Amino acid sequence: DMKVTQMPRYLIKRMGENVLLECGQDMSHETMYWYRQDPGLGLQLIYISYDVDSNSEGDIPKGYRVSRKKREHFSLILDSAKTNQTSVYFCASSPIVQDTQYFGPGTRLLVL
Amino acid sequence: QQKVQQSPESLIVPEGAMTSLNCTFSDSASQYFAWYRQHSGKAPKALMSIFSNGEKEEGRFTIHLNKASLHFSLHIRDSQPSDSALYLCAVRTGGLSGKLTFGEGTQVTVIS
């Protein structure tokens, strides 16, 4: 059964703290994505990773960075979190770059 | 930059009726069109996709695409309470970037 996992599922941080969101997939998918979802804005692409150490900015990369050292694992890092980064973050993966995307369950991040 | 817009924002439909959702896009070079469904508190899940003009039917779901009008739609026949969810349309422009642009979503509620 194809699966994308995200950890943690819920996180509360204070402004200025560093945040690490983790994503894993067990399908050997080449491409992985990080999105954020805010009410009325749909899903906004933060970063896309085409494979290990091959990452590209999405539409809203400012304030975020990513790391992909293994094909099955993709991390999203917020250095010095801001209150406007409060959101639900979704990770997704696809077999190849133009294929259907499979989403993880999401991480709810609250930055106080 | 690709702009994707959905209408209506929300919809209440009686059980057994037809649900019709609309999506417009701005880039005439777009090549891939998809609908995702997201139940409350869950991950978005791919529902249907289409590449070329016309119609595609899968069970109770039909997708129509008219590239000249920059418009595609999703129709759900015999709507069920389990169809209550946020529906997101997504468009991919041509090329190898793999980036999907999502609409803001239409919240559908099917009442018994």
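Scroll up for the structure.
Below: a short report on this structure. (Residues numbered from 1 in each chain as written. Chains lettered and ligands numbered in written order. Predicted model: local features only at pLDDT ≥ 70, side-chain atom pairs only at ≥ 80, totals over all residues. Heavy atoms only, no water.)

## Here we look at the interface of chain A and chain B
Reasoning step 1: Contact residues are listed per partner, giving 22 residues for chain A and 20 residues for chain B.
Reasoning step 2: Between chain A and chain B lies a buried interface of about 1,600 Å² when both sides are counted; carbon and sulfur atoms form 50% of it.
Reasoning step 3: The largest contributions to the chain A side of the interface with chain B come from L43, Q98 and F103 of chain A, which together make up 30% of the buried area.
Reasoning step 4: Where chain A packs against chain B, one counts zero salt bridges.
Reasoning step 5: Run the count over chain A and chain B and you get four residue pairs in polar contact (both at pLDDT 80 or more).
Reasoning step 6: Counting residues per element, the ones that place at least two in the side of chain A that touches chain B are β4 (31-38) and β5 (42-51) of chain A.
Reasoning step 7: It is β5 of chain A that provides the largest number of residues to the side of chain A that touches chain B, a total of five residues.
Reasoning step 8: Residue composition of the side of chain A that touches chain B, grouped by class: eleven nonpolar, eight polar and three charged. (Contact = heavy atoms within 4.5 Å. Buried area = accessible area lost by both parts, 1.4 Å probe. Salt bridge = Lys/Arg side-chain N within 4 Å of Asp/Glu carboxyl O. Polar contact = N/O pair within 3.5 Å; in protein donor to acceptor, adjacent residues only side chain to side chain. Helix = DSSP H or I, 4+ residues; strand = E, 2+ residues; numbered from the N terminus. Nonpolar A, V, L, I, M, F, W, Y, C, P; charged D, E, K, R; others polar.)

## What to know about the pairing of β5 of chain A
On any regular strand, side chains alternate: one points to one face of the sheet, the next to the other face.
Residue and element names in this part refer to chain A.
Reasoning step 1: Burial runs high along β5: seven of the ten residues are buried.
Reasoning step 2: In this structure, β4 lies alongside β5, joined through seven bridges in antiparallel fashion. Of the residues in β5, the one forming a bridge with D38 is G42.
Reasoning step 3: Connecting β4 to the antiparallel partner β5 that follows it, the hairpin turn spans three residues, and G40 within it adopts a positive phi of roughly 80°.
Reasoning step 4: Sheet analysis places β5 next to strand β6 (residues 54-57), joined by four bridges and oriented antiparallel. (Buried < 20%, exposed > 50% of the residue type's maximum accessible area, 1.4 Å probe, protein only. Pairing = 2+ DSSP bridges.)

Any functional reading would require information beyond the geometric quantities listed.
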